[in-house]
There are 2 protein chains.
Amino acid sequence: MSIVLHDLAGADPDLRFSPYCWRTRFALAHKGLPVETVPWRFTDTEAIAFSGQGKVPVIQDNGKVVSDSWAIAEYLEEQVPSPTLFGGATGRAHALFVNSWVDAVLIGGIARFIVRDLLDVIDPKDKDYFRSSREARFGRSLEEVQEGREARLPAFRESLLPVRLVLRRQAWLGGAAPSYADHIVAGTLMWPCCVSRFELLEAADPVAQWFSRVLDLYGGLGRSAKRA
Amino acid sequence: MSIVLHDLAGADPDLRFSPYCWRTRFALAHKGLPVETVPWRFTDTEAIAFSGQGKVPVIQDNGKVVSDSWAIAEYLEEQVPSPTLFGGATGRAHALFVNSWVDAVLIGGIARFIVRDLLDVIDPKDKDYFRSSREARFGRSLEEVQEGREARLPAFRESLLPVRLVLRRQAWLGGAAPSYADHIVAGTLMWPCCVSRFELLEAADPVAQWFSRVLDLYGGLGRSAKRA
């Protein structure tokens, strides 16, 4: 039986854009595990009440329920050791640093470029919740947060320097082959990629070139994703 | 025969403060390898000409010469696999992200707090070189770079959030036990710790508490380091 994934969707149910759900999608594909995705909206809290919390990704695997992208990756690694996501306990511990850097730096960095664009693609029933929760977080209107984004591009691109430095020495964040570290960063980049036409990366950037290679992995899973 | 390490020193030859040499010191101690350190100053280029380049750390191990802290860590892991620094190829690949984040973010972030203090502790013969090379890098005088550092502390501490998030879930960056990821970050924090009285970390910060635990590793190698 396929694993079932509740996956954040837009007004268009085929538009899937959560940076956390994409980490899980890539991890499932890496393991070669078939998945049945269920489109889910921010306000569908009842639909995942079975998970005991209110956010996606949530997976159901033969009665077992796991939420939180990191916990899901650990669960998948335990259930299906090969091909590995982490390369062992120390590799997993080090990947947690990548996950933490992405959550601390990249998520907030990207949000400032696309948060108003997001409002245009999410489901109408989610819009009030989305605007009020995000405006409370930023302390400004969505329009003000996103305003002047072109001027902020150089600093954002500079913030990717750690990724760029790694790619000078190896093809993937996982080394010679992709690992969950690649899924964390690329999954997060799927978010702006799917919801906005605004180009965060320069084509000549090694980060953009690596991301393009990730899009082609797993039968072009990322490449074929619906974009707004 | 002990490994010989050319190690950056101040006017006081016992003051060792290079963030890169400290990574190597911790890695050697982790492997249980005895080391003979040779105090080296910025302008002692002749003394390490045998390495084909001009920076420390440089190690000599039975005629084999390795420079660059990352290359040295890889070399040590290959020569003495256990106890491991990386936990395998994927763990090493992921540790390179930690190394890259530290070099891209933490080194420059810390330098702005201590670069003028450094001038007071380095060898007199290094001072002209140090001032002119660092002022060229920053485009300002050392005094101007360091000025107003109290006001910049909150942003610096915030920049450590990725480390803090990891330490919420595990005792060490390496997971249940210290790894080279711990050496990279802690080795870099040895730098301000040794050359300046300016306190970068709040005592209550989990990062400070983890750093204190690193200072106690390997017989208190970090704890017993000479401080300016």
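The rules we used
- Residues numbered from 1 in each chain as written.
- Chains lettered and ligands numbered in written order.
- Predicted model: local features only at pLDDT ≥ 70, side-chain atom pairs only at ≥ 80, totals over all residues.
- Heavy atoms only, no water.
- Core = buried A, V, L, I, M, F, W, Y, C linked by side-chain atoms within 4.5 Å.
- Buried < 20%, exposed > 50% of the residue type's maximum accessible area, 1.4 Å probe, protein only.
- Contact = heavy atoms within 4.5 Å.
- Pairing = 2+ DSSP bridges.
- Helix = DSSP H or I, 4+ residues; strand = E, 2+ residues; numbered from the N terminus.
- Axes fitted to C-alpha atoms, helices over the stretch in contact; angles between N-to-C directions.
- Expected span 1.5 Å × (residues − 1).
- Arc of directions from axis to C-beta.
- Buried area = accessible area lost by both parts, 1.4 Å probe.
- Salt bridge = Lys/Arg side-chain N within 4 Å of Asp/Glu carboxyl O.
- Polar contact = N/O pair within 3.5 Å; in protein donor to acceptor, adjacent residues only side chain to side chain.
- Parallel < 35°, antiparallel > 145°, perpendicular 65-115°, else oblique.
- Left-handed = near helix turned anticlockwise from the far one by under 90°.
- Nonpolar A, V, L, I, M, F, W, Y, C, P; charged D, E, K, R; others polar.
- Right-handed = clockwise from strand over helix to strand, strands pointing away.

(A) Molecular detail of the nonpolar core. Counting 152 residues, the largest nonpolar core has Phe17 and Trp210 of chain A together with Phe17 and Trp210 of chain B as the members making the most contacts within it. Setting aside its immediate chain neighbours within four residues, tryptophan 210 of chain B contacts Leu167, Ala171, Trp172, Leu173, Asp182, Val185, Ala186 and Leu189 of chain B.

(B) Local environment of the sheet that holds strand β2 (residues 35–40) of chain B. Residue and element names in this part refer to chain B. Spatially, the four strands line up as an open sheet ordered β2-β1-β3-β4, and their pairing is mixed. Only two strands of the sheet have a single partner each, and these edge strands are β2 and β4 (64–67). Geometrically, the sheet is characterised by an average inter-axis angle of 20° between neighbouring strands, direction not taken into account. Strand direction decides the pairing type here: strand β1 (residues 3–8) and strand β3 (residues 58–61), joined by three bridges, are antiparallel. Bridging from a neighbouring strand, histidine 6 pairs with valine 58 of β3. Helix-sheet contacts for helix α1 (residues 19–30) involve β1, β2 and β3, and the interaxial angle to β1 is about 150°. Helix-sheet contacts for helix α2 (residues 69–79) involve β1, β3 and β4, and the interaxial angle to β4 is about 135°.

(C) Up close: the sheet that holds strand β2 (residues 35–40) of chain A. Residues and elements named next belong to chain A. Ordered in space as β2-β1-β3-β4, the four strands form an open sheet in which the pairing is mixed. In this open sheet, the two strands that pair with only one neighbour each are β2 and β4 (64–67). Each adjacent strand pair in this sheet contributes to an overall mean axis angle of 20°, direction not counted. Looking at chain direction, strand β1 (residues 3–8) and β2 are connected through six bridges and run parallel. The residue of β2 that forms the bridge with aspartate 7 is proline 39.

(D) Focus on helix α4 (residues 127–138) of chain B. Residues and elements named next belong to chain B. Here α4 is twelve residues long and its end C-alpha atoms lie 16 Å apart, about the 16 Å a rise of 1.5 Å per residue gives. For α4, every residue scored as buried is listed here: Phe130, Arg134 and Phe138. Down the axis of α4, the buried set is contained in an arc of 40°. They therefore lie on one face. Facing away from the buried side of α4 by over 90 degrees, the exposed positions are Asp128 and Ala136. Contact partners of the buried residues in α4: α3 (89–121) and α5 (142–146). Taken from the residues just after α4, glycine 139 is the one with a positive phi, measuring 70°.

(E) Focus on the interface of chain A and chain B. On the chain B side, the residues contacting the 29 residues of chain A number 29 residues. Between chain A and chain B, roughly 2400 Å² of surface is buried when both sides are summed, and carbon and sulfur atoms account for 72% of that area. Looking only at chain A, the three residues that lose the most surface to chain B are His94, Phe97 and Arg169 of chain A, adding up to 29% of its buried area. Scanning the region where chain A abuts chain B turns up two salt bridges. Where arginine 169 of chain B meets aspartate 68 of chain A, a salt bridge forms, and the shortest distance between an N and an O atom there is 3.9 Å. Inspection of the chain A/chain B interface yields six residue pairs in polar contact (both at pLDDT 80 or more).

(F) Up close: the environment of leucine 160 of chain B. All names here are of chain B. If you trace the backbone, leucine 160 turns up in the loop between α6 (149–159) and α7 (161–169). Judged by relative accessible area, which is 1%, leucine 160 ranks as buried. The spacing of leucine 160 and leucine 106 is 54 residues in sequence and 8.2 Å in space, taken between C-alpha atoms. Once residues within four sequence positions are removed from consideration, leucine 160 is found in contact with Trp101, Leu106, Leu201 and Val207.

(G) Structural context of the packing of helix α7 (residues 161–169) of chain A against α3 of chain B. Packing of α7 of chain A against α3 of chain B leaves a shortest axis separation of 8 Å and a crossing angle of 130°. When the interaxial angle is binned, α7 of chain A and α3 of chain B end up oblique. In the packing of α7 of chain A onto α3 of chain B, the handedness of the crossing is right-handed. Contacts between α7 of chain A and α3 of chain B pair Leu161, Pro162, Val163, Leu165, Val166 and Arg169 of chain A from the former with Leu96, Phe97, Ser100, Trp101, Ala104 and Val105 of chain B from the latter. When grouped by side-chain class, the residues that make up the contact of α7 of chain A with α3 of chain B number ten nonpolar, one polar and one charged.

(H) Examining unusual backbone geometry more closely. Residues and elements named next belong to chain A. A cis amide bond links valine 56 to the next residue, proline 57, at an omega of 10°. Examined against the element boundaries, proline 57 turns out to sit in the loop between β2 and β3 (58–61). Notably, asparagine 62 is not glycine yet its phi reads approximately 50°, a positive angle.

(I) Representation of the pairing of β1 of chain B. Residue and element names in this part refer to chain B. Burial analysis of β1 places six of its six residues in the buried class, which makes it a mostly covered element. Neither face of β1 is left uncovered, since the one carrying Ile3, Leu5 and Asp7 and the one carrying Val4, His6 and Leu8 both have all their residues buried. Handedness of the crossover is the feature at issue here: the chain leaves β1, passes through α1, returns alongside β2, and the resulting connection is right-handed.

(J) How the structure looks around the pattern of salt bridges. Scanning all chains against the criterion turns up 34 salt bridges over all chains. Residue arginine 131 of chain B pairs with glutamate 143 of chain B through a salt bridge whose shortest N-O separation is 2.8 Å. Of this pair, arginine 131 of chain B sits in helix α4 while glutamate 143 of chain B sits in helix α5; the two residues are twelve residues apart in sequence, bridging distant segments of the chain. Residue class for arginine 131 of chain B comes out partly exposed when judged on its relative accessible area of 26%. Salt bridges sharing partners connect three or more residues here, namely Arg116, Asp120, Arg131, Glu135 and Glu143 of chain A.

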